[in-house]
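In case you want the letters, here they are:
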Amino acid sequence: IDRRDGKLAMAHIYVGFIALALGGLAGLLQVLVRSGTFTLPAGIGYYQVLTVHGVLLGLVLTTFFILGFQHAAISRTSGTYSSTSRLFGWLGFWVMLIGTAMSAVMILLNEATVLYTFYAPLKAHWIFYLGLTFVVVGSWLGGTGMIMKYAEWRKEHRGEPSPLLTFMAVINIVLWIVATLGVAGTVLFQLLPWSLGLVDRVDVLISRTLFWYFGHPLVYFWLLPAYMAWYAIIPKIIGGKIFSDALARLSFVLFLLFSIPVGFHHQLVEPGIDAFWKFLQVVLTFMVVIPSLMTAFSLFATFEMYGRSKGGSGLFGWFKKLPWGDARFTVPFIGMVAFIPAGAGGLINASNQMNQVVHNTIWVTGHFHLTLATSVVLTFFGISYWLVPHLTGRVLTKAMNKMAIVQAVVWSAGMSIMSGAMHAVGLLGAPRRSSFSTYGDAPQALDWIPYQVAQAVGGTILFIGIILVLYIFINLAFFAPKGEEEFPVGEVAGGAEKTPMVLENWKIWLTVLAALILIAYTVPFMDMFQNGPPPSKGFKVW
Ligand code: HAS
């Protein structure tokens, strides 16, 4: 891609990897504390470290990496950015960086130990919330740059479907913009006035509801870039074809529609929300599983078609023909395999009765270490192995390729132990988000200890994985031999059907999206307003 767009993408990716290094260290400290064998030095609190870990990995690494990758993907598939799009990209980057620095300083000063979910009743310094506002506004600016490039392309190619990767990136940014309206609502109207002392109380239920209106689509904002790679990039890496352009687009449209009106599945045990609305959102949650099942089907089809074209016969003969020695394929593939149990765990969480068993236990932490910290993150690593050298004018050497595969194996070994222990001990009732305690030597809590030791073993192996990926990243960014690394983009298989233009009719999809959100949230919000606490200091700030 154009060097100037490459610089923009790379700036984002650097920040993402710095966040990975620091957030990973915080993760190591946590598992050690929870094993009961380690005490944090210098009066540093467990929850402060947990906040650093969640914010850096869940919010900073993801947002910066995703925006960087998407800028690159759009520039690659729709052409070099106009100077205005690039300007928006850079403005967004700096505003996000300033915001991240503001929030990070407050966390380090122990003035914002509110965890990565930061809803009330935990209260942080107002600078933390202002920093978050900057991060959101910055991401909107970067997103505007992307949408402007997309609009420009469509103007020049009337009546044609846009390039698949560009379309996917735009869906993801629209999803992000609609989702962040919720978090902007709670930060601007509740948390900021409250931490500035303008009001002395806020409605916790509304704060949590607005957060989860954002918090669930947030996880699909993380997932969709991985799906972009799985659908549109991996086929090219293996030498195959995209199974169906239309199916890929349809699954992204379904994500846009169904990933937002489902936040209540994080609040199933919460009082103050009528069971009917929880039920409705559980039904919608099961709708959002459909595009993932479509993805699984489509990926199997791509792999099988390729393997058979290489002479693989019988039921599974094609499987052996896949390019197992290529880290650009194998690393994300491990992520795909992890997504099968990860997704099954999600279905358990979403089922009302089973949620009563797992909610607020460390099972949920196990779930998102498989989804986000394995499927998504391994795919991001797999993307970096060609994207970083592509952007820095270097190549992925054989040695680094080998190390990348070792890294992924180390990662999956560490994660299987850590996340496996979390799932198991969660079913024995161990709470998430709690420091080490034997609860007065209660027999149940004593039963949890061996699992917590296993978590520490897995977490330590994962930390070795982080050191390995950072080594590879630094090599690819600064030391690998100069050359040209390909930015792979797949072509659609010959027999695939034509892409219907209705999939790109934003008027229809945005209207359906707005309708679904209104149906899912209007009455519950009216109930919350009516039944919430009385006005505080004369303000009716919820
Ligand atoms: Fe989740 C909690 C439900 C997906 C992340 N989730 C969380 C939290 C996070 C998170 C961070 O309903 C904790 C938030 C907090 O701090 O409180 N989740 C779901 C459901 C799905 C799901 C139904 N989650 C994700 C993804 C995440 C993520 C993706 C991050 C990226 N989750 C929940 C619920 C809770 C929750 C409840 C709240 C729990 C509570 O009580 O607090 C679904 O989207 C999953 C669908 C996925 C599938 C799998 C399809 C498989 C594919 C792979 C194909 C493989 C191939 C390779 C081709 C159905 C696509 C084949 C090769 C072979 C060799 C076999």
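Residues numbered from 1 in each chain as written. Predicted model: local features only at pLDDT ≥ 70, side-chain atom pairs only at ≥ 80, totals over all residues.

Across its full length, the protein chain carries 14 helices and 0 strands. For the protein chain, the α and β elements follow one another from N to C terminus as α-α-α-α-α-α-α-α-α-α-α-α-α-α. Compactness check: the protein chain gives a C-alpha radius of gyration of 23 Å against a globular reference of 24 Å for 542 residues, within 12% of the reference. Considered along the principal axes of its C-alpha atoms, the protein chain spans approximately 65 × 50 × 45 Å. Buried positions account for 51% of the 542 residues belonging to the protein chain. Taking the intrachain contacts of the protein chain between residues at least 6 apart in sequence as the baseline, contacts between residues at least 24 apart amount to 85%. (Helix = DSSP H or I, 4+ residues; strand = E, 2+ residues; numbered from the N terminus. Rg over C-alpha atoms; globule rule 2.2 N^0.38 Å. Buried ≥ 20, exposed ≤ 12 C-beta atoms within 10 Å, placed from the backbone. Contact = placed C-beta atoms within 7 Å.)

Attention now goes to unusual backbone geometry. Glycine aside, the phi torsion of most residues is negative, and most peptide linkages are trans. Across the junction of Ala 120 and Pro 121, the peptide omega takes the value 15°, indicating a cis bond. You can see Pro 121 is positioned in the loop between α3 (83–108) and α4 (126–156).

All right, on to the packing of helix α5 (residues 164–195) against helix α6 (residues 204–238) then. As a packed pair, α5 and α6 sit with axes 8 Å apart at the nearest point and diverge in direction by 165°. Judged on the interaxial angle alone, α6 and α5 are roughly antiparallel. In this structure, α5 meets α6 at a crossing whose hand is left-handed. A per-class count over the contact of α5 with α6 returns 20 nonpolar, 7 polar and no charged. (Axes fitted to C-alpha atoms, helices over the stretch in contact; angles between N-to-C directions. Parallel < 35°, antiparallel > 145°, perpendicular 65-115°, else oblique. Left-handed = near helix turned anticlockwise from the far one by under 90°. Nonpolar A, V, L, I, M, F, W, Y, C, P; charged D, E, K, R; others polar.)

Relative to the helices and strands, Gly 24 resides in helix α1 (residues 3–34). Counting along the chain gives 475 residues from Gly 24 to Thr 499, while the straight-line C-alpha distance between them is 42 Å.

Note on placement: Gly 307 falls in helix α8 (residues 275–309). On a C-alpha basis, the gap between Gly 307 and Thr 166 in space is 28 Å, while along the polypeptide they are 141 residues apart. Not counting residues up to four positions away in its chain, the partners in contact with Gly 307 are Gly 312, Trp 318, Phe 319, Lys 321 and Leu 322.

A separate point is the nonpolar core. Among soluble globular proteins, nonpolar side chains are generally buried collectively. Membership of the largest hydrophobic core comes to 156 residues, with the highest contact counts inside it found for Met 168, Ala 169, Phe 221, Leu 224, Met 228 and Ala 232. Every residue in contact with Met 168, bar those within four places of it in the chain, is listed here: Leu 224, Met 228, Ala 232 and Phe 252. (Core = buried A, V, L, I, M, F, W, Y, C linked by C-beta atoms within 7 Å.)

This paragraph deals with α6. Spanning 35 residues, α6 covers 50 Å between terminal C-alpha atoms, matching the ideal 51 Å at 1.5 Å per step. By the largest-angle criterion, Ala 232 marks the main kink of α6, which is about 40°, and a proline, Pro 235, follows within four residues. A positive phi of about 90° marks Gly 239, the residue just after α6. (Expected span 1.5 Å × (residues − 1). Bend = angle between axes of the 7 residues up to and from the residue.)

The next subject is the environment of Ile 405. Among the structural elements, Ile 405 can be located in helix α12 (residues 398–427). Judged by local crowding, Ile 405 falls into the partly exposed class, with 18 C-beta atoms found within 10 Å. Those residues in contact with Ile 405 that lie beyond four places of it in its chain are Ala 327, Thr 330 and Val 331.

The local shell around the ligand holds 32 residues, among which Gly 343, Gly 346, Asn 349, Ala 350 and Phe 368 are the closest. At the level of elements, α6, α8, α9 (327–350) and α11 (362–392) are the ones that each hand at least two residues to the shell around the ligand. Each residue belonging to the shell around the ligand can be placed in one class, and the counts come to 19 nonpolar, 13 polar and no charged. (Near = placed C-beta within 6 Å.)

On to α11, then. At Ser 384, α11 shows its strongest bend, of approximately 35°. Gly 393 lies just past α11 and shows a positive phi near 70°.

Across the protein chain, pLDDT averages 94, with 98% of residues at or above 70. In the model, residues 538–542 has pLDDT below 50 throughout and makes 15 contacts with residues more than four positions away in sequence or in other chains. For this predicted complex, the interface score ipTM comes out at 0.96, while the overall pTM is 0.95. (pLDDT = per-residue confidence, 0-100.)

Take the packing of α9 against α12 next. Where α9 meets α12, the axes come as close as 9 Å, and the angle between the chain directions of the two elements is 15°. By the angle between their axes, α9 is roughly parallel relative to α12. By crossing handedness, the relation of α9 to α12 is classed as left-handed. Contact with α9, carried on its side by Ala 327, Thr 330, Val 331, Ile 334 and Ala 338, involves Asn 401, Ala 404, Ile 405, Ala 408 and Ser 412 of α12 and no other residues of that element. Looking at the contact of α9 with α12, its residues break down into 7 nonpolar, 3 polar and no charged.

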